Amino acid sequence: MEKKAEDNFEDQYGRAGVRDTPQLLEYYSKLKALNTDALWTIANAIEPWEPKPTSIPMLWKYKDLRELVIQSADLVKPEEAGRRVVYFANKGRTETGACVGWLYSGLQTMRPGEFTPAHRHMASALRFIMEGKGAYTVVNGHKIDLNARDFVITPNDCWHDHGVYEDGEQCIWQDGLDIPLMNTLDCNFYDVYPKPAQSAKYPLNDMPLSHAGSGVLPDKLNWENDYSPIMRFSFENTYNALKDLDKVSKGDKYGGHTVRYINPTNGGHVMPTMGGYMQMLRNSESTTSYRRTGSYVFQVAKGKGYSIIGGKRFDWEEKDVFVIPSWTFFTHHNLDDNDDACLFCFNDLPVMEKLGLYFEESYAEYEEALKKGYKSSYQGRD
Ligand SMILES: [Fe+2]
């Protein structure tokens, strides 16, 4: 008869430590016949001492993928594929389509004159533009032009389609969605717009242009949505904000200078389930090791360097994509002595924060916890 409880035995007061006996094994069989089981046989496995992500740290080199992404435009039409995307498959998460945790990401390409069929879904989506000219998106009738290194949101349940103007260039951008999270929560929906594309209902670029100044909002703004009315965040504005921040701040040893993309009406994240930030590492700057809950997808917006993630080194340059799984120690290093490096990141921090699941720990705190016999600083707190 197969052993049950001993597979997860722990010799620690407060944890499951039941040895298998012939009587217990017979008892487990009876429970199983009634589609039940004894919690103490699996308790230690399903309630680990600390998060045990199945995602692994990974990096995808843009120079390896670019030609294959461009080639997809020869092989598949957007109206056939719905969305023509090469997605990032985390080796630990292949069954979910995730690049890390509950986040999905991929590289989408669009030729001049092409557009994706308009649609909406319960998953939230965002994009970071990598190359090309003349890309645009239409979100609930708001048409917005997109330039390289712009960050744009297409919030959940909003009609959206994307394309490239006839006089543009073939574009590539990174998509990010919380599809795996929506599927896990059993709440994903998908809907196709009654026409191939939306007609713009408002002046071109009305949302980003009406929220272009930091610290000011349009008077009598009537915005009751739970996502940011800015919708598109230009790299120029974001980079200038980081450079200005650097004039008055020494930054943070764990992150250098970081600015968060926000919903200016409440100061919160850009969307209810996914957030984003841009991080600047000054010349030759290295960050100090820490870890946090949540899943993080990075794209190198500027510069070259490397990150140590879970003890492994990943060298990166502009447009490379890498991921940091939950509760994994990491540091970032700018290898350029004469220029800064910028890392765009999107993540599930809004979910972590709203559900009370965010927890972070520096490597120094971890070492202190180990000295006290703990597995992390989560234990032994007041
Ligand atoms: Fe979509």
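Residues numbered from 1 in each chain as written. Predicted model: local features only at pLDDT ≥ 70, side-chain atom pairs only at ≥ 80, totals over all residues.

Observations regarding unusual backbone geometry
Right, on to step 1. The residue asparagine 35 is not glycine, and still its phi comes out positive at about 55°.
Right, on to step 2. In this fold, asparagine 35 is placed in the loop between α1 (22–33) and α2 (43–46).
Right, on to step 3. We classify asparagine 35 as exposed; it has 6 C-beta atoms within 10 Å.
Right, on to step 4. Despite not being glycine, tryptophan 327 shows a phi value in the positive range, around 55°.
Right, on to step 5. For tryptophan 327, the location among the structural elements is in the loop between β21 (321–324) and β22 (330–334). (Helix = DSSP H or I, 4+ residues; strand = E, 2+ residues; numbered from the N terminus. Buried ≥ 20, exposed ≤ 12 C-beta atoms within 10 Å, placed from the backbone.)

Quick look at the pairing of β21
Right, on to step 1. Residues Val321 and Val323 point to one face of β21 and Phe322 and Ile324 to the other, with burial holding for every one of them.
Right, on to step 2. In this structure, strand β1 (residues 58–60) lies alongside β21, joined through 3 bridges in antiparallel fashion. If you follow leucine 59 over to β21, its bridge partner there is phenylalanine 322. (Pairing = 2+ DSSP bridges.)

Let's talk about the domain arrangement of the protein chain
Right, on to step 1. Domain boundaries in the protein chain define domain 1 (5–46) and domain 2 (58–364).
Right, on to step 2. A separation of 44 Å is found between the C-alpha centroids of domain 1 and domain 2. (Domains from an automatic or database assignment.)

Focus: the sheet that holds strand β8 (residues 151–154)
Right, on to step 1. Across the sheet, which stays open at both edges, the 6 strands sit in the order β2-β3-β10-β5-β8-β12 with antiparallel pairing between neighbours. With partners counted over all chains shown, the strands left at the sheet margins are β2 (85–87) and β12 (232–233), one partner each.
Right, on to step 2. Across 7 bridges, the pairing between strand β3 (residues 104–110) and strand β10 (residues 171–177) is antiparallel. Residue pairing across strands places threonine 109 opposite isoleucine 172, the latter belonging to β10.
Right, on to step 3. Where helix α3 (residues 62–75) meets the sheet, its contacts fall on β2, β3 and β10, and the angle it forms with β3 comes to roughly 60°. (Contact = placed C-beta atoms within 7 Å. Axes fitted to C-alpha atoms, helices over the stretch in contact; angles between N-to-C directions.)

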